[in-house]
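Residues per chain are reported as follows:
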Amino acid sequence: MRKISLEKLLIFIFIAFNTLVAFSACAEKEKKDELKTMSIASFNRFKEVWDFNDFWKRGNTFDACLVFADAALMKWPNDPEVLQMQQDIKGMLEENLVFFNRFDPGSLWADDFGWWGLQALNARKHLLKMGENELADKFWKLSTDLCWEYKKKTAYDHSPDALPVAHGCRNGDANGQSLGVKNTVTNALLFLLSSRIYRVALEENVADRDKYLDMAYRQWVWFEKWFQLEEYEYLKKISEDAALVQERPMAEFEGSGYIEKIHPPWAKGWVWTGDQGMIVGALSDMLSVQDELEVFVKANYPNDGFDKSIFDNQARIVIAMIGQGVKTALVAQVDNIIREAPCYSSFGPNHGNDYLAGRGIMMRYLGAMEEKALLAVDLSENVTATLQAIWNSRDKSSNQFQPEFTNEANDKMYIEQFRIQWGIADDIRVWDIKNMKEMNKFGVCQSIGLDILGAAIKQ
């Protein structure tokens, strides 16, 4: 009798276990199916709103689309709708090239070249996968011969005179009529564009590639010197192991080259999400080519005393601190959703429409597999929560994403959380973008969703 009972118990356990496994597999399949449904619907809406006439925003939003589409193809390589997406993007890229060529490069700003240069690299990657080598080559030249060259020649400060840190990159116009200011985004863009071009050139054994590594190294030196000057809090600590990079370095003393409070209007404590992702992306690139970097620096800058092990440690520390800073200060404890830091300079009417895309830009880089491995924090639950908030708050009739996707009560709690951690915050939660053209707004908001979707697909 006892033997029969034991056999029945074992059978019951076996059935229960297999039922649980089947249920988990079913739940996982439903989750993947839901993610694909979201992806296709979101891209279909993007196709309706991407073709707008704003130069830098168009470059950035399409970069979001390309990174998202690449993630979708890796996840669902044989899905007909995903494959059709790749074909659609090819036609859109052809139109983007025509759009870019309408403009006189001299009228563009340094930041513009950074956004379009990065987009061109991802466009090339996409086109090469499709065997569209001729079109891919046009985007490669757009990135290297035009965007990078203009940024290097017209925006980089080649003089050794700036105090307290020499060189760096300005966000002025290509004609040189406005020098602009050496803020974080324009320097991060030159850093990232240089490091990304170099990695491709290294992999494909492109001639004359060291000039890209040279600029990437110069930008690393600029950031690293600023980070060492702790009295200016450019890399501002939240705790011993958490920090965020401010919107620009400021050093207010006579003779300083870093006192400009315009281009755009600056306020104390301003920090922007997009900067965090791009800096981590560039540092990740540099770690991947540190052997080549060591050989290059010792040959060309022997007096710098470059030590690969010290560089490796410094870069990893900065990445980990930014990762922890994002987790601590740019994620709301109340609902786990990724937010923009509550700074009026980001949200306000002067440049709210420019800084709106930051949350997506940040996760475009922090959601990449290479960068995630270096962050020392897990943002997966935050990506999931943010995606769900974006999806739930969309216009369901069109699948259009919104600039705000969180509720007022939770936003107020987050602002107070940020104020305690950062020491300063503005009571602002709604983007002042009423003067932004509707199609531009739709395109930017949709790109934020695509960026978060791309990060979710890679989890």
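Everything below is about the structure shown above.
Residues numbered from 1 in each chain as written. Predicted model: local features only at pLDDT ≥ 70, side-chain atom pairs only at ≥ 80, totals over all residues. Heavy atoms only, no water.

**Some words on the pairing of strand E2 (residues 242-245)**
The two faces of E2 match: Ala-242 and Leu-244 on one face and Ala-243 and Val-245 on the other face are all buried. Looking at chain direction, strand E1 (residues 235-239) and E2 are connected through four bridges and run antiparallel. Counterpart to Lys-236 in the pairing with E2 is Leu-244. Hairpin connection from E1 to E2: two residues lie between these consecutive antiparallel strands. (Buried < 20%, exposed > 50% of the residue type's maximum accessible area, 1.4 Å probe, protein only. Helix = DSSP H or I, 4+ residues; strand = E, 2+ residues; numbered from the N terminus. Pairing = 2+ DSSP bridges.)

**Focus: the packing of helix H2 (residues 55-75) against helix H3 (residues 80-101)**
Packing of H2 against H3 brings their axes to within 11 Å, and their N-to-C directions diverge by 160°. Here H2 is positioned roughly antiparallel relative to H3, judged by the angle of their axes. As for the relative orientation of H2 and H3, their crossing is left-handed in sense. For the pair formed by H2 and H3, the contact residues are Phe-55, Arg-58, Phe-62, Cys-65, Leu-66, Phe-68, Ala-69, Ala-72 and Leu-73 on the first element and Val-82, Leu-83, Met-85, Gln-86, Ile-89, Met-92, Leu-93, Glu-95, Asn-96, Phe-99 and Phe-100 on the second. Taken together, the residues that form the contact of H2 with H3 break down as 16 nonpolar, two polar and two charged. (Axes fitted to C-alpha atoms, helices over the stretch in contact; angles between N-to-C directions. Parallel < 35°, antiparallel > 145°, perpendicular 65-115°, else oblique. Left-handed = near helix turned anticlockwise from the far one by under 90°. Contact = heavy atoms within 4.5 Å. Nonpolar A, V, L, I, M, F, W, Y, C, P; charged D, E, K, R; others polar.)

**A few points about helix H9 (residues 290-300)**
Within H9, burial applies to Gln-290, Leu-293, Phe-296 and Val-297. Viewed along the axis of H9, the buried residues span an arc of 120°, placing them on a single side of the element. When the buried face of H9 is taken as reference, the exposed residues oriented beyond 90 degrees from it are Val-295 and Ala-299. As for H9, its buried residues are in contact with helix H7 (210-228), helix H8 (273-288) and helix H10 (308-329). (Arc of directions from axis to C-beta.)

**A word on the packing of aromatic side chains**
Per the counting criterion, the structure on display carries 34 aromatic pairs. With centroids separated by 5.8 Å and ring planes inclined at 25°, the aromatic side chains of Phe-191 and Phe-223 adopt a geometry described as stacked. Residue Phe-191 is located in helix H6 (residues 184-203), and its partner Phe-223 is located in helix H7; the two are separated by 32 residues in the primary sequence. Relative accessible area serves as the criterion here: at 1%, Phe-191 is assigned to the buried category. Since its relative accessible area comes to 1%, Phe-223 is described here as buried. Note on Phe-418 and Trp-422: the rings are 5.8 Å apart at their centroids and 35° apart in plane angle, and the pair reads as tilted. You can see Phe-418 and its partner Trp-422 sitting in helix H16 (residues 408-422), four residues apart, about one turn around the helix. For Phe-418, a relative accessible area of 0% corresponds to the buried category. (Phe/Tyr/Trp six-rings, centres within 6.5 Å; stacked < 30°, edge-to-face > 60°.)

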